[in-house]
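What follows is the residue order along each chain.
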Amino acid sequence: MEYNFREVEKKWQAYWAQNKTYKTEDRSSKPKYFVLDMFPYPSGAGLHVGHPLGYIASDIFARYKRLKGFNVLHPMGYDSFGLPAEQYAIQTGQHPRITTENNIARYREQLDKIGFSFDWDREVRTSDPQYYKWTQWIFIQLFNSWYNKKSNKAENIETLIAEFERGGNGSINATCELTETFSSSDWNAFSEKDRSDVLLNYRLAFLSNTMVNWCPQLGTVLANEEVKEGVSERGGYPVERKLMKQWSLRITAYADRLLTDLDALDWTESIKEAQRNWIGKSEGTSLKFTIAPSPEGEGRGEVEVFTTRPDTLFGVSFVTLAPEHELVEKLTTPEQKKAVDEYITFAKNRSERERMADVKKITGVFTGAYVIHPFTGKQVPIWIGDYVLAGYGTGAVMAVPAHDSRDYAFADHFGIDKLVIILPPVDWDFADKSYDEKEGKLVNSDFLNGLEVKAAIKKIIAVIEERGLGKGKTNFRLRDAIFGRQRYWGEPIPVYYENGIPKVLSENELPLLLPEVDKYLPTETGEPPLARAKDWKYKGEFEYEYSTMPGWAGSSWYFLRYMDAHNDKTFASKEAFDYWQNVDLYIGGAEHATGHLLYIRFWTKFLNDLGLIPVAEPAKKLINQGMIQGVSAFVYGFAVGIDGISSEQIISKSIPKMKKFIVPKSSYDNYQKNGADSLLNKIIESELAVWKNNGYTGIIQSKELTSLIPVHIDINLIDSVTNILDVEQFKKSDRYKFLRIDEILCEENGNYICGREVEKMSKSKWNVVSPDDIVEQQGADCLRLYEMFLGPLEQSKPWSTSGISGVSNFIRKLWRLYHNGDELNISNEPATRPELKTLHKTIKKIAQDIENFSFNTSVSSFMICVNELTEFKCNKREVLEPLAILMAPYAPHIAEELWNKLGNTESITYATFPICNEDYLVESSFNYPISFNGKTRFFREYDRSLSKEDVEKEVLNLDQTQKYLEGKAPKKVIVVHNKIVNIVI
RNA sequence: GCGGAUGUGGCGUAAUGGCAGCCGCGCCAGACUUAGGAUCUGGUGCCGUAAGGCGUGGGGGUUCGAGUCCCUUCAUCCGCACCA
């Protein structure tokens, strides 16, 4: 009988659950190993085949480590706060908790079917009050902390207050917005509100007025990494810049450490590089320009700029301010006021998306004011331009058109001088472009003349500092993380306001439960949904904070909770931290490079600073699994009807009086290429005739109306090989009804061939493949092996089931190896040398592969192994028992079954990974000593089929030998296929 | 523009600097048969009847020897992007 995977998989999954086979010991004499997956957001679409890719890899590793004698922590949980459940709640009124619980139940069911070795007793859910209690608690620690640059760590705010009381803030070196100084007597005289305001400048969780990314459609602010190309990452809605009072986390305090500590991490270079770019450290100089006095003769202060190229100071031909710069209003001369006001209005109304879309478009305006060049004394005009960002550096730059491409473009556009002060070492046409390289000799630069750029930078910084014009400064691109979200389904920020002063809840008041609301929408007055709550903790007593935490809050420390998931005294015990330390292997998608992976490092460092945990990094090693893409299917729709409505509207919405068609791919291709298609023209003409016959005269054809657009349809309606659409099934589908297609035009042979394209797998693209189907049809082990077999873990690849039959065959072959018909067929005779060679070769390869995370090649090795053993007709226990153990990480169900059939009573989980005996592998070649020129002896590797005489003859007769030896003693002769290919001296 | 990655048969892919294409899919031929979406055997990089020749995006280099190392160039994908 064939291997019955359904029965076997069900049996062992039940066994593992019942016996808690994968329960992790809190303490153990074994060494620990922590394998972590990025926990999923439980979306309504369920798991697709891409999700398990990383989980299977981590599961293989975890199982392997167990077999190697480690106490393995391999947990799973859910990142269960988030927008989709809330959007669903807005539409349907169903509480996000219900939606989330349903989705989690579905995820769990799907995960269980794949046979993961998670310790479910440690499951965490970020939306569970027992969990978010500690998320809130960590927020409170952040609020109660400041960053002391002297000790280079976060400290309790009390130490700062004590310092203020003693000597004011003069000698404090903190990460802080505040520029004013005050003395201890000032401090003592401050009101409570003043003190609170001052402290907010130091706290690591703080309230401030900042420019935020506001998304009107979502009704919330978004963090920088939640905005992609000017639109929201979730939903794709436009985002605008807006000044709002917001909670933020002072991640910038950790910028330097987040950057330098990357070097020691065993993470992929691309992630490290992405984080480096995101942090964006740049070393330069701040420089103050005195503003030329107004005509009335009054001084007007200074403009401070930041530059990485102080050496180009003599090439400055103007200074540019960001439109939002605070000096703009003060500086602008009456003559220029109108132009400047107009420009500022223009810049403000230009959405972030527009601004990014036409980066090339140069806009700006002259303020009418000047600064005085600190060395030449010349007047330098001050301009405003939106190519200067308010949020970076000082929001002002010194423009050196000849040596900075952006300044060049601006100067070119407005006809400003470009003074060359660096002679490029190569031919350079300054009429064409700027020379930005840091190489060449300076000219026209007074005391810098003749110096190389690097020397000039050194010298000018020294002079600038000496004259008090500025000083060396490091800037980061990283912004503080905006922490408040004007949404419902998140952790409430545990803050209330007493006389306008923000105060955090005390620990014993946690968790601050998410209150019930009647609707999940903002209030009429524009307050976030939480303002609707009737029974809030401080309702009627104090004002409370309405915003909730962002999605990344709960995921920024979850790895710690797994260590001690049920602790209700603390976020996890010290003993647990001391034992588990941090994650040894973290597997997840690369898309979290500048979001989650930065925040989790930030929180870990913070908790470490406070002495709460013993490690400063969350994960030693990080592997990014590639994305499994979907292969979408398209039909090509267009509509005939009234002018003025775009095809997209017609196809996606149902607009009356439109007749909608879909046409085959050939028409679409032809249309894309030639802009016309006779088939389409025919349809349009005949439709127009019908409409005219009905007395309708208002139809006007336009290009827009006839343009074809691809429409996603469900891939399950397509034959995966021929791409032929099952038209009958399609007509029955909801999708068809939704699109309200009137006619489907097929090709001449009656088939409708769809277009295919590789895209991200997503419900909205109708290309999701669920792992359930594979598990149902081929089994979990087959899915596991196949997903690994697909290619290197880190590579993205489209999902395709072609080739799954190979894996499926392999599993059956494996089964047959242990059976003769229905009977188990195992011999206790000793194995032959070739059999052992096959086994040990495989042991070596599998261990190597797992350590190197090249799981795809292991599957090949298993296939080779089984093929060879089948050929040998090997049924020896000595070989087949270790083979089952080798298989266990990859295909745990069948391995467990075979293990059990071989008479083992304990789960294979507790077996020991076999050790490779290299002796079996060196059978066919060996080292052999040979004399040469009567005195030297050396070793050579050669094929056994060669006799000693052959070898000696060959070596001595070789030209190469004479050429390369020249009397020296060779160390090794390399022979391949009976030919000497190298002699190593 | 900056940064990261990847280029090998019809396809997914494999090769501590040592016979390029393992393993699988697909395809071709055959065997068996209870006629199947089963199993087994053989073949399958390209050109050529063959001998043989050519082959890892292109061009150079290092090396006895390069898919692999170095330089250069092209192409594709991903991330960041007016960051001074």
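The structure displayed is predicted, hence computed values, not measured ones.

Engineer: Let's hear about the overall build of chain A: which residues, and what values?
Structural biologist: For chain A, the count of helices and strands is 33 helices and 36 strands. Counting across all 985 residues of chain A, residues that qualify as buried make up 53%. Considering only intrachain contacts with a sequence separation of at least 6, the fraction spanning at least 24 residues in chain A is 71%.

Engineer: With reference to specific residues and values, describe unusual backbone geometry.
Structural biologist: Of the consecutive residues Leu510 and Pro511, the connecting peptide bond is found in the cis state with omega at -5°. Along the chain, the position of Pro511 falls in the loop between β21 (501–504) and β22 (543–544).

Engineer: So, the state of the cysteines: which residues are in play, and what are the values?
Structural biologist: Under the definition given, this model contains 0 disulfides. Note on Cys746: no disulfide assigned, nearest cysteine sulfur contributed by Cys754 at a separation of 9.8 Å. Residue classification places Cys746 among the partly exposed residues on the basis of a relative accessible area of 30%. Here Cys916 stays unpaired: no disulfide links it, and the sulfur of Cys865, its closest cysteine neighbor, is 12 Å away.

Engineer: Report on the nonpolar core, specifying residues and quantitative values.
Structural biologist: Counting 212 residues, the largest nonpolar core has Phe139, Phe483, Trp603 and Leu725 as its most contacted members. Ignoring any residue separated from it by four or fewer positions in sequence, one finds Phe483 in contact with Phe139, Trp247, Ser248, Leu249, Ile493, Thr548, Met549, Pro550, Trp552, Ala553 and Trp603. In this structure, Phe289, Tyr435, Ile460 and Leu469 belong to the second largest nonpolar core, which totals 41 residues.

Engineer: Tell me about the pairing of strand β24 (residues 619–625), residues and numbers included.
Structural biologist: Among the 7 residues in β24, 5 count as buried, and that is most of the element. At this point the chain moves from strand β23 (residues 583–589), through helix α18 (residues 596–609), to the parallel β24, and the crossover so formed is right-handed.

Engineer: If you had to explain the pattern of salt bridges to someone new, which residues and values would you point to?
Structural biologist: This model, assessed by the stated rule, comprises 42 salt bridges. Asp263 is the salt-bridge partner of Arg276, the closest N and O atoms lying 3.2 Å from each other. Linking Arg276 in helix α10 (residues 269–279) with Asp263 in the loop between α9 (255–260) and α10, this pair joins segments that are 13 residues apart in sequence. Two residues, Glu835 and Lys876, come together in a salt bridge whose shortest N-O distance is 3.0 Å. One end of the pair, Glu835, is in helix α28 (residues 833–852); the other, Lys876, is in the loop between α29 (855–872) and α30 (877–887), with 41 residues separating them in the sequence.

Engineer: I'd like a description of the pairing of strand β9 (residues 240–249), backed by residues and values.
Structural biologist: Note: strand β5 (residues 205–215) against β9, 10 bridges, orientation antiparallel. Residue Thr210 lies in a different strand from β9, and its bridge partner there is Met244. Alignment of β9 against strand β19 (residues 481–482), held across 2 bridges, turns out to be antiparallel. From the neighbouring strand, Leu249 faces β19, where its bridge partner is Ala481.

Engineer: Any details on empty space enclosed by the protein? Residues and values, ideally.
Structural biologist: Rolling a probe over the atoms, with the probe sized like a water molecule, indicates the empty space that remains. Enumeration over the complete set of coordinates arrives at 1 cavity of 30 Å³ or more. Taken as a whole, the largest cavity holds about 40 Å³ of empty space. Forming the walls of the largest cavity are Arg63, Arg66, Leu67, Ala888, Pro889, Ile908 and Thr909. Classifying every residue of the lining of the largest cavity by side-chain character gives 4 nonpolar, 1 polar and 2 charged.

Engineer: So what about the side chain of Ser632? Which residues, and what values?
Structural biologist: Checked against the element boundaries, Ser632 lands in strand β25 (residues 628–640). Polar contacts involving the side chain of Ser632 include one to the side chain of Glu759, which spans 2.5 Å. Not counting residues up to four positions away in its chain, the partners in contact with Ser632 are His712, Ile715, Gly755, Arg756, Glu757, Glu759, Lys765 and Asn767.

Engineer: How would you explain the packing of helix α27 (residues 804–818) against helix α31 (residues 892–901) if you had to name every residue and give the values?
Structural biologist: The N-to-C vectors of α27 and α31 enclose an angle of 5°; their axes lie 11 Å apart at closest approach. By the criterion of interaxial angle, the relationship of α27 to α31 is roughly parallel. Across the interface between the two elements, Ile811, Leu814, Trp815 and Tyr818 from α27 touch Ile894, Glu897, Leu898 and Lys901 from α31. Taken together, the residues that form the contact of α27 with α31 break down as 6 nonpolar, no polar and 2 charged.

Engineer: For the sheet that holds β22, give the residues involved together with the corresponding values.
Structural biologist: Sheet architecture is open: 3 strands sit in the order β21-β20-β22, paired in antiparallel fashion. The sheet is open, and its two borders are formed by β21 and β22, each paired with just one other strand.

Engineer: Requested: an account of α30, with residues and values cited.
Structural biologist: Most of α30 sits inside the fold, with 9 of its 11 residues counted as buried. Residues Val879, Leu880, Glu881, Pro882, Leu883, Ala884, Ile885, Leu886 and Met887 constitute the buried set of α30. Taken together, the buried residues of α30 touch α2 (51–67), α26 (780–789), α27, α28, α29 and α31.

Engineer: With reference to specific residues and values, describe α18.
Structural biologist: The terminal C-alpha atoms of α18, which comprises 14 residues, lie 20 Å apart, in line with the 20 Å expected from a rise of 1.5 Å per residue. Counting buried positions along α18 yields 13 of 14 residues, so the element is predominantly enclosed. Phi turns positive, to about 80°, at Gly611, one or two residues after α18.

Engineer: Before we move on, could you go through the environment of Met887 and cite the residues and values that matter?
Structural biologist: Examined against the element boundaries, Met887 turns out to sit in helix α30. Through-space distance from the C-alpha of Met887 to that of Asp266 is 28 Å; in sequence the pair is 621 residues apart.

Engineer: Describe the sheet that holds β5, with residues and values.
Structural biologist: Spatial ordering of the open sheet is given by β6-β5-β9-β19, a layout of 4 strands whose pairing is antiparallel. Every other strand in the sheet has two partners, leaving β6 (220–222) and β19 as the edge strands with one partner each. Note: β5 against β6, 3 bridges, orientation antiparallel. Bridge pairing links Asn213 to Leu222 in β6.

Reading guide: rules and limits
- Residues numbered from 1 in each chain as written.
- Chains lettered and ligands numbered in written order.
- Predicted model: local features only at pLDDT ≥ 70, side-chain atom pairs only at ≥ 80, totals over all residues.
- Heavy atoms only, no water.
- Helix = DSSP H or I, 4+ residues; strand = E, 2+ residues; numbered from the N terminus.
- Buried < 20%, exposed > 50% of the residue type's maximum accessible area, 1.4 Å probe, protein only.
- Contact = heavy atoms within 4.5 Å.
- Disulfide = S-S within 2.5 Å.
- Core = buried A, V, L, I, M, F, W, Y, C linked by side-chain atoms within 4.5 Å.
- Right-handed = clockwise from strand over helix to strand, strands pointing away.
- Salt bridge = Lys/Arg side-chain N within 4 Å of Asp/Glu carboxyl O.
- Pairing = 2+ DSSP bridges.
- 1 Å grid on protein atoms, 1.4 Å probe; cavity = no way out; pocket = protein on both sides within 12 Å on 5 of 7 lines; lining within 4 Å.
- Points joined across faces, edges and corners; volume = space filled by probe spheres on them.
- Nonpolar A, V, L, I, M, F, W, Y, C, P; charged D, E, K, R; others polar.
- Polar contact = N/O pair within 3.5 Å; in protein donor to acceptor, adjacent residues only side chain to side chain.
- Axes fitted to C-alpha atoms, helices over the stretch in contact; angles between N-to-C directions.
- Parallel < 35°, antiparallel > 145°, perpendicular 65-115°, else oblique.
- Expected span 1.5 Å × (residues − 1).

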